[in-house]
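Structural description and commentary
What follows is each chain in one-letter form.
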Amino acid sequence: MKGNAATKPSGIPWLGEVPPDWEMKKIRFLFRFQSGGTPSTTNEAYWEGTLPWVSAKDMKKMWISDTEDHISEHALTESAANTVPPNSLLLLTRSGILQHTIPVCVNSRRMAINQDVKGCIPVADNVDVRFCAYFIHGSQEQLLPLWRQEGATVESLEFETVKNTAFALPPLPEQRAIAAFLDERTARIDGLMARKQRLVQLLKEKRQALITRAVTRGLVAKVKLKESGVPWLGEVPEHWEVKDLKHIIGPMEQGWSPQCDNYPADESEWGVLKAGCVNGTSLNEMENKRLPDTEEPIPALEIKPGDILMSRANTVIRSEVVDTWTRFGRD
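The notes below deal with the structure included here. (Residues numbered from 1 in each chain as written. Predicted model: local features only at pLDDT ≥ 70, side-chain atom pairs only at ≥ 80, totals over all residues. Heavy atoms only, no water.)

1. Points about the sheet that holds strand E12 (residues 117–122)
Test applied: The pairing criterion for strands is at least two bridges between them, as found by DSSP. Counting from the N terminus, the helices are the DSSP runs of H or I reaching at least four residues and the strands are the DSSP runs of E reaching at least two.
With mixed pairing, the five strands of this open sheet are ordered in space as E4-E12-E9-E10-E6. This sheet does not close on itself; its edge strands, each paired only once, are strand E4 (31–34) and strand E6 (63–64). Sheet topology places E4 next to E12; four bridges connect them, and they run antiparallel. Along E12, the bridge assignment pairs Gln-34 with Gly-119.

Right under this line is the structure:
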């Protein structure tokens, strides 16, 4: 990238000034647009092909070389699905993820797209698709409120607004240089993130093993063991007792799921904790919804110090001991 200090106004309030040799071009003049569709899911033959079919679940990274689902050429001719050529800009235009992110990517091969994905196929000879994808990716905060369709039942983009949005385009060689620079740097960062995530996973496994060892064998390294009589538990220290949980703790309440406001309660109000309030072994009290004034709280479900909360979200049981009194009920 050039280190030229001279700039000019872009004409776009959120973008500000740009280098003097950059052009402002509306998206509609840079691409032609292709819609897609979904072949009938009742016809198994449609889904036994080799043609990648892009849906929202595939748009989690900048570059797509394959997809989870594939369709046949026969399905393509008998449905609303359409293909886009390699090096097209794919934009997710309808999905709940548009509440906070605009998924955008570039395909490396011919692919079909579904109805929630818009294919943007370059028609101008002065545009690098990778640069445009990075431009959208790097301008999420500004573009999302501008493009979002108001009043839609599902989060959607107002595509006429999208088409009339201007890009700031450097000369083509500079676009390619910027895209190549970002390819290399983001790949390096992605590699670092992957290694960090692997390290975090290993630490989580070590943490779990430490807890399991302590609660099933105690703190003494060499201790006489006996069969617990519980198949999944195996042996326990000889001097330990094995008792059913119902003989150790008090009543277990399932909770209550009234219709609540879609925002957290403050300290003077009642709220109902959501399933996500328990994460691992920590409690996030802000994961609650305010109980409307028209609903009376149920005193028996009030959380008190020493209570154990268990979340069954996603079939994984997670627990947390409450160490502070709270006015939040449980869902």
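2. Brief notes about the packing of helix H2 (residues 129–138) against helix H5 (residues 172–217)
The condition that has to hold: To get an axis, fit a line to the C-alpha atoms, keeping to the stretch in contact for a helix; angles then go from 0 to 180 degrees between the N-to-C directions. For a crossing to be left-handed, the near helix must be turned anticlockwise from the far one by less than a right angle; the clockwise case is right-handed. When checking whether two residues touch, look at their non-hydrogen atoms; a contact exists if any pair is within 4.5 Å.
Taken N-terminus to C-terminus, the directions of H2 and H5 make an angle of 65°; their axes are 8 Å apart at the nearest point. With respect to the hand of their crossing, H2 and H5 are arranged in left-handed fashion. Between H2, through Arg-130, Phe-131 and Tyr-134, and H5, the contact on the second element is made entirely by Gln-175, Arg-176, Ile-178, Ala-179, Ala-180, Leu-182, Asp-183 and Thr-186.

3. A look at the environment of Ile-71
The residue Ile-71 is located in strand E7 (residues 69–71) in this model. Not counting chain neighbours up to four residues away, the residues in contact with Ile-71 comprise Pro-39, Tyr-46, Trp-47, Gly-49, Thr-50, Leu-51, Trp-53, Leu-76, Ala-81 and Ala-112.

4. Side note on helix H3 (residues 140–147)
Selection criterion: Exposure categories follow from relative accessible area, calculated using a 1.4 Å probe and restricted to protein chains: below 20% of the type maximum is buried, above 50% is exposed, and the middle band is partly exposed. This arc is built from the directions going out from the helix axis to the C-beta atoms.
Within the span of H3, buried status applies to Gln-140, Leu-143, Leu-144 and Trp-147. Projected onto a plane normal to the axis of H3, the buried residues spread over an arc of 105° and lie on a single side. The outward face of H3, more than 90 degrees from its buried face, is lined by the exposed residues Glu-141 and Pro-145. On the buried face of H3, the contacting elements are strand E9 (89–92), H2 and helix H4 (159–163).

5. A closer look at the packing of aromatic side chains
We apply this condition: Pairing of aromatic side chains requires ring centres within 6.5 Å, counting the rings of Phe and Tyr and the six-membered ring of Trp. Pairs whose planes differ by under 30 degrees are stacked, by over 60 edge-to-face, and all others tilted.
By the definition in use, this model includes seven aromatic pairs. An angle of 85° between the planes, with centres 5.2 Å apart, marks the rings of Phe-33 and Phe-159 as edge-to-face. Taken as a pair, Phe-33 in strand E4 and Phe-159 in helix H4 lie far apart in primary sequence, 126 residues in all. Take Phe-159: its relative accessible area is 12%, and that puts it in the buried class. What links up through ring pairs into an aromatic cluster is the set Trp-14, Trp-22, Phe-131, Phe-135 and Phe-167.

6. Describing the packing of H2 against H3
We apply this condition: The cut-offs work like this: below 35 degrees is roughly parallel, past 145 is roughly antiparallel, 65 to 115 is roughly perpendicular, and the gaps in between are oblique.
Across the interface, H2 lies against H3 with an axial gap of 6 Å and an inter-helix angle of 85°. The angle between H2 and H3 places the two elements in the roughly perpendicular class. For the pair H2 and H3, the contacting residues are Ile-136, His-137 and Gly-138 in the first and Gln-140, Gln-142, Leu-143 and Trp-147 in the second.

7. Here we look at the sheet that holds strand E5 (residues 51–54)
An order of E7-E5-E11-E8 is seen for the four strands of this open sheet, with the pairing classed as mixed. What marks the edges here is a single partner per strand, and that holds for E7 and strand E8 (82–84). Between one strand axis and the next, the sheet turns through 45° on average, direction left out of account.

8. Remarks on the nonpolar core
Using the following cut-off: Throughout, nonpolar core names a set of buried Ala, Val, Leu, Ile, Met, Phe, Trp, Tyr and Cys residues whose side chains join them through atoms within 4.5 Å.
Core analysis: the largest hydrophobic core is formed by 32 residues, its most contacted members being Phe-31, Leu-89, Leu-91, Ile-102, Ile-136, Trp-147 and Phe-167. Broken down by secondary-structure element, the contributors of at least two residues to this core are E9, strand E10 (104–107), H2, H3, H4 and strand E13 (166–169). In terms of residues, this core owes the most to one element, H2, which gives seven residues. Not counting the four nearest positions on each side in its chain, Leu-91 is found in contact with Met-59, Ile-102, Pro-103, Val-104, Asp-116, Val-117, Lys-118, Ile-136, Trp-147, Leu-157, Phe-159 and Val-162. If you look at the next biggest cluster of nonpolar residues, it comprises eleven residues, including Leu-92, Cys-105, Met-111 and Ile-121.

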